[in-house]
There are 2 protein chains.
Amino acid sequence: MFSIKNNVLHLLLIRRAAPPFDGCWSLPGGFIDIEQDSSVEAAAMRKLQQKTGLQPGYLEQLEVFSGKGRDPRGYSVSLAFFALVPYSAVSSNIATVSQASWWPVQDIASLQLAFDHQEIIQRAHHRLKQKALYSMLPVYCLPPAFTVGQLKAVIEAIIGKEIQRKSLMRRIEASNMFHLTEQKVSSGGRQAQLYQLKPGVDITHFNRNLGD
Amino acid sequence: MFSIKNNVLHLLLIRRAAPPFDGCWSLPGGFIDIEQDSSVEAAAMRKLQQKTGLQPGYLEQLEVFSGKGRDPRGYSVSLAFFALVPYSAVSSNIATVSQASWWPVQDIASLQLAFDHQEIIQRAHHRLKQKALYSMLPVYCLPPAFTVGQLKAVIEAIIGKEIQRKSLMRRIEASNMFHLTEQKVSSGGRQAQLYQLKPGVDITHFNRNLGD
DNA sequence: AAAATAGTGTCTGTGAGACACTATATT
DNA sequence: AATATAGTGTCTCACAGACACTATTTT
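Residues numbered from 1 in each chain as written. Chains lettered and ligands numbered in written order. Predicted model: local features only at pLDDT ≥ 70, side-chain atom pairs only at ≥ 80, totals over all residues. Heavy atoms only, no water.

Looking up chain A in an unreviewed UniProt entry gives the name NUDIX hydrolase, with the organism given as Alkalimonas mucilaginosa.

1. Some thoughts on the interface of chain A and chain B
How big an interface is tends to be stated in terms of accessible area lost as the parts join. Counting residues at the interface gives 21 residues for chain A, matched by 21 residues for chain B. When chain A packs against chain B, close to 1600 Å² is buried across both sides, 51% of that on carbon and sulfur atoms. Ranking the residues of chain A by area buried against chain B places A:Tyr75, A:Asn207 and A:Arg208 at the top, with a combined share of 35%. Going through the elements one at a time, helix H1 (40-52), strand E4 (58-67) and strand E5 (76-84) of chain A are the ones with two or more residues in the side of chain A that touches chain B. At five residues, E4(A) tops the list of elements feeding residues into the side of chain A that touches chain B. (Contact = heavy atoms within 4.5 Å. Buried area = accessible area lost by both parts, 1.4 Å probe. Helix = DSSP H or I, 4+ residues; strand = E, 2+ residues; numbered from the N terminus.)

2. Overview of the packing of aromatic side chains
Tallying each qualifying case throughout the model produces 14 aromatic pairs over all chains. Seen from their ring centres, B:Tyr58 and B:Tyr140 are 5.2 Å apart, and the 25 degrees between their planes marks the pair as stacked. Here B:Tyr140 lies in the loop between helix H4 (117-134) and strand E7 (145-146) and B:Tyr58 lies in strand E4 (residues 58-67), a separation of 82 residues in the sequence. Assessed through its relative accessible area of 17%, B:Tyr58 is described here as buried. Taken together, the aromatic side chains of A:Phe2, A:Tyr58, A:Phe82 and A:Tyr140 make up a single cluster linked through ring pairs. Above the face of the B:Phe206 ring, B:Arg171 is positioned so that its terminal group lies 4.2 Å from the ring centre. (Phe/Tyr/Trp six-rings, centres within 6.5 Å; stacked < 30°, edge-to-face > 60°. Buried < 20%, exposed > 50% of the residue type's maximum accessible area, 1.4 Å probe, protein only. Lys NZ or Arg CZ within 6 Å of the ring centre and 35° of its normal.)

3. A few points about the relation of the copies chain A and chain B
Superposing chain A onto chain B takes a rotation of 180 degrees combined with a translation of 0.0 Å along the rotation axis, leaving an RMSD of 0.0 Å. Read as a symmetry element, the transformation amounts to a two-fold axis. Closest approach to the rotation axis within chain A is made by the C-alpha atom of A:Arg208, at a distance of 2.1 Å. Take the interface residues of chain A: 100% of them recur as interface residues in chain B, which is what a same-surface contact looks like. (Least-squares fit on C-alpha atoms with pLDDT ≥ 70 in both.)

4. A short note on the protein's contact with DNA strand C
Close to DNA strand C lie 24 residues, the nearest being A:Ser167, A:Arg208, A:Gly211, B:Lys166 and B:Gln193. Atoms of DNA strand C within 4 Å of the protein belong to the sugar or the phosphate in 55% of instances, the rest to bases. With respect to DNA strand C, the side chain of B:Ser187 contributes an N or O atom lying 3.3 Å from a sugar or linking oxygen. Contact between DNA strand C and B:Gln193: a phosphate oxygen at 2.9 Å from a main-chain N or O atom of the residue. When contributions to the surface near DNA strand C are tallied by element, the ones reaching two or more residues are helix H6 (165-175) of chain A together with helix H6 (165-175) and strand E9 (192-197) of chain B. Split by residue class, the surface near DNA strand C holds three nonpolar, 11 polar and 10 charged. (Near = heavy atom within 4 Å. Polar contact = N/O pair within 3.5 Å; in protein donor to acceptor, adjacent residues only side chain to side chain. Nonpolar A, V, L, I, M, F, W, Y, C, P; charged D, E, K, R; others polar.)

In structure tokens form, the structure reads like this:
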């Protein structure tokens, strides 16, 4: 589960409370319960709710990781997901769940994580980067109403590179995904227009990438 | 498993020989055997070899399909793959496997397929189309040495739209993935230059799509 | 010679990057 | 007034589309 905190891309890790890898940081996860999970997505949502106390606005299958080398207990098959959530939705909920915390994605590489979670995170980050280049997916890291400046900051945090405000405005216009609200918001200078997602729209995919 | 036959995109289906869906056409598949499959990819390759007699040059995880509605026997979790293979590699092998045959992708929608394979195929086709727009992936549908005309035909078959030969030549040049062979080949007009993949190169991804 | 396919030259169109410029807020 | 952030105008650049043109082969 990714989010943006202080204009830095963060990932939610939880500390394991049982062997194997007791005490290590790891991705939130668990097993499918065929009684209550109507699909693997439902299982992922249930586990996230249970382990982190929150439901992401976006959830997508990443990839299956499998084999006998990844869990000391033996052969395993795990389906990894990646999720996006606005950090504003987080603050209260997360406090109630002990041993869960947000880490800057850049700092994770030097941690000792459980299983092959280091590799899973790399893959997830890579996919998120790609999608940020050609789609509006990063809006799911923002609250329902947001400014162009916020969206720009989120995209830059994800792709690790500056983009032109102008390019982003062109895309916002062309995508037709958003409408202006009457509100404006202050941030130390001229007030910024608040946008929000039109209800029921799909995430636009562009046919060129940003940041060539 | 996709391939190109007579400049038309085809998919390999096999006829089921046991319930459920006895006699229906279906995707080749099977169960993981943790004794012999070191990973889910290995399992996919083994099942393809066993059910169709051939090994694709490209194999990629598509998506997990899950739930209790998709198999009358109860809850199931299936990982679908998509694969590309040159049709030239096929002709001999496939004859040895009864009840496997290539279908034009366009004709499949009207068939009665087993399980949710109709939906899986739609998703696979969609992903293949997208990748054909921004990458050189379609080369895996061609033999080791091929002409620009052949590659153009493959891409057009996949995306269902004509592209400019000029655009493709620009990409071939820019990708630096191929080298010319000394051979040329006849096809009813001026002889065409044969290209082949440089050994060990990665599939280039472009930052614009074809067919805007 | 005619037809077919291969390949090039070059113009247009689209949208990203760059960046100066205007607009409006806070201090 | 100075500064900070929001937003626009407009030029350049890269690359896809279009399409006429040349090149080389078969019939």
